[in-house]
Every structure is written in C-alpha cells, then in structure tokens.
Amino acid sequence: FPDCDCSPIEGAYFDINGISVKNYRKSGGQLSENQTVVFSEYGSLLIDYSVDYISSMEKHRSTFNNPFITSALACSCNENGDHGAKTEAIESLTLITLNDFDAEHPAGDTINDLFSTYYNGTTYNNIVDFPGQNTGLIQQEDIELFLSKPPVDNPEFRVKVIFRLSNGEEYTVEGKPVMII
C-alpha cells in the first residue's frame, strides 16, 4: 500500500467557538461595509463559523485499497474538519432585521421567512423550520443564506444573527450594513 504523503492536520472534527456574518455578490466577491449592490447582483449572506479543530489521529484515509494498483486514486488526504462537528447540531437560527425591511418586517422583526438555503444536500425554501428539519451534526464550517427579495422601506440591509447549538452554546453577531437597491 503506497504512502499517501499527507500533511498532518490539526483535527478531523471541529468545535464551533464563534460566528461572523458576511454579504457576498453573486460573482463571489465580498461586499464591504455600506457598499451598494443591485438586488439582482446580491448573492448571499454567509454565516462563517470560527472553529477549533479536534480529535485527529489519522494521517490519511484510504478511499481505494488494492495492492496491485498504486495510482493517485489509491488514497486521499484528510483536510481539517473533514468529518464535521464532533458533537454540535443547529438548535436554532434566527435572523433579525435591524432596519425596517418592508411593511411585514419592521426593525427588530425576525426575517427567517425571507431566506432560503441549500444545506447538507437539501434545499430549504425558507429557514423558518430549517433547524427542526435538520437535526444532524453540522457538516460544514459555514452556512449560506439566500435573500428572496430586496428591502422595500430602507435600502440599508443589516441583520443580527442568533445561532444556538444543541450543546447549549449561543452566538450573536450583527452584520455590517450593505445597501441593496
């Protein structure tokens, strides 16, 4: 069996210790604070987890084991966090608008119904029931949320995110404002 010559990793699992919120264009570029973007070019709100990598004794993981074939397909190296969160699942995810969004969503109101996501292979048309439908351990180091319509009452789009985990941890962060027209 060939040696994969994999670099050591800090850990195959991760433990979430914080979050940050970023706005992106559809083209992938991050929007800076107070930057203006046309809604058709607004891509997503990304909740990025700060993590510590944990529990790894593995140097490599074999995806194919045949002693007669020693091609590049014989093994693949682990990356930090490949196995996802060791013990954490999303208990709840709440997005609160910090400005008047529209007539149904004044400042301070929850706007989960205005976001969709594609998470762990499943599309959620809104995230109102998302955590309840998604009870497995967290597999990715972020979650991308898609806004369904632009703000009507105020083009400044700014949210507060409250992120609760199944182990009792809770993280709250306010995103930087962007102007969506």
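Analysis parameters
- Residues numbered from 1 in each chain as written.
- Predicted model: local features only at pLDDT ≥ 70, side-chain atom pairs only at ≥ 80, totals over all residues.
- Heavy atoms only, no water.
- Buried < 20%, exposed > 50% of the residue type's maximum accessible area, 1.4 Å probe, protein only.
- Helix = DSSP H or I, 4+ residues; strand = E, 2+ residues; numbered from the N terminus.
- Pairing = 2+ DSSP bridges.
- Salt bridge = Lys/Arg side-chain N within 4 Å of Asp/Glu carboxyl O.
- Axes fitted to C-alpha atoms, helices over the stretch in contact; angles between N-to-C directions.
- Contact = heavy atoms within 4.5 Å.
- Phe/Tyr/Trp six-rings, centres within 6.5 Å; stacked < 30°, edge-to-face > 60°.
- Lys NZ or Arg CZ within 6 Å of the ring centre and 35° of its normal.

**Here's the deal with the pairing of strand β4 (residues 90-97)**
Okay, step 1: Burial within β4 is extensive, with seven of its eight residues counted as buried.
Okay, step 2: As paired strands, β4 and strand β9 (residues 159-165) are joined by seven bridges and run antiparallel to one another. Each bridged residue has a counterpart across the sheet, and for Ile96 the counterpart in β9 is Lys160.

**Comments concerning the pattern of salt bridges**
Okay, step 1: What the rule picks out here adds up to four salt bridges.
Okay, step 2: Notably, a salt bridge pairs Asp102 with Lys149, separated by 2.8 Å at the nearest N-O pair. Note that Asp102 is positioned in the loop between β4 and β5 (115-119) and Lys149 in the loop between β7 (142-147) and β8 (156-157), a separation of 47 residues in sequence.
Okay, step 3: Residue class for Lys149 comes out partly exposed when judged on its relative accessible area of 28%.
Okay, step 4: When the shortest N-O distance is used, the salt bridge between Arg158 and Glu174 registers 2.9 Å. Taken as a pair, Arg158 in the loop between β8 and β9 and Glu174 in strand β10 (residues 170-174) lie far apart in primary sequence, 16 residues in all.
Okay, step 5: Under the relative-accessibility criterion, Glu174 is labelled partly exposed at 43%.

**Considering the sheet that holds β9**
Whether parallel or antiparallel, the strands of a sheet pair through hydrogen bonds between backbone atoms.
Okay, step 1: As summarised here, the arrangement of the three strands in space is β4-β9-β10, forming an open sheet in which the pairing is antiparallel. Two strands bound the open sheet, and with one partner strand each, they are β4 and β10. Strand after strand, the sheet turns through a mean of 10° between neighbouring axes, direction not considered.
Okay, step 2: Inspection of the sheet shows β9 paired to β10 by five bridges, in the antiparallel sense. When the bridges of β10 are listed, Val161 appears paired with Val173.

**Points about unusual backbone geometry**
Okay, step 1: A positive phi is found at Asn34, a non-glycine position, where the angle reads about 65°.
Okay, step 2: Locating Asn34 in the fold gives a position in the loop between β1 (13-25) and β2 (36-37).

**Considerations on the environment of Met179**
Okay, step 1: Mapped onto the secondary structure, Met179 falls in strand β11 (residues 178-180).
Okay, step 2: Residue class for Met179 comes out partly exposed when judged on its relative accessible area of 22%.
Okay, step 3: Residue contacts for Met179: discarding those within four places in its chain leaves Asn34, Gln35, Thr36, Val37, Pro155 and Glu156.

**What to know about the packing of aromatic side chains**
Given two aromatic rings, one states the distance between the centres and the angle between the planes to describe the pair.
Okay, step 1: Applying the stated criterion across every chain yields a total of four aromatic pairs.
Okay, step 2: Taken together, a centroid distance of 6.3 Å and an interplanar angle of 40° make the contact between Phe115 and Phe157 tilted. With Phe115 in strand β5 and Phe157 in strand β8, this pair connects stretches of sequence that are 42 residues apart.
Okay, step 3: Among the aromatic residues, those joined into a ring-pair cluster are Tyr42, Phe101, Phe115 and Phe157.
Okay, step 4: Its end group placed over the ring of Tyr13, Lys86 keeps NZ or CZ at 4.3 Å from the ring centre.

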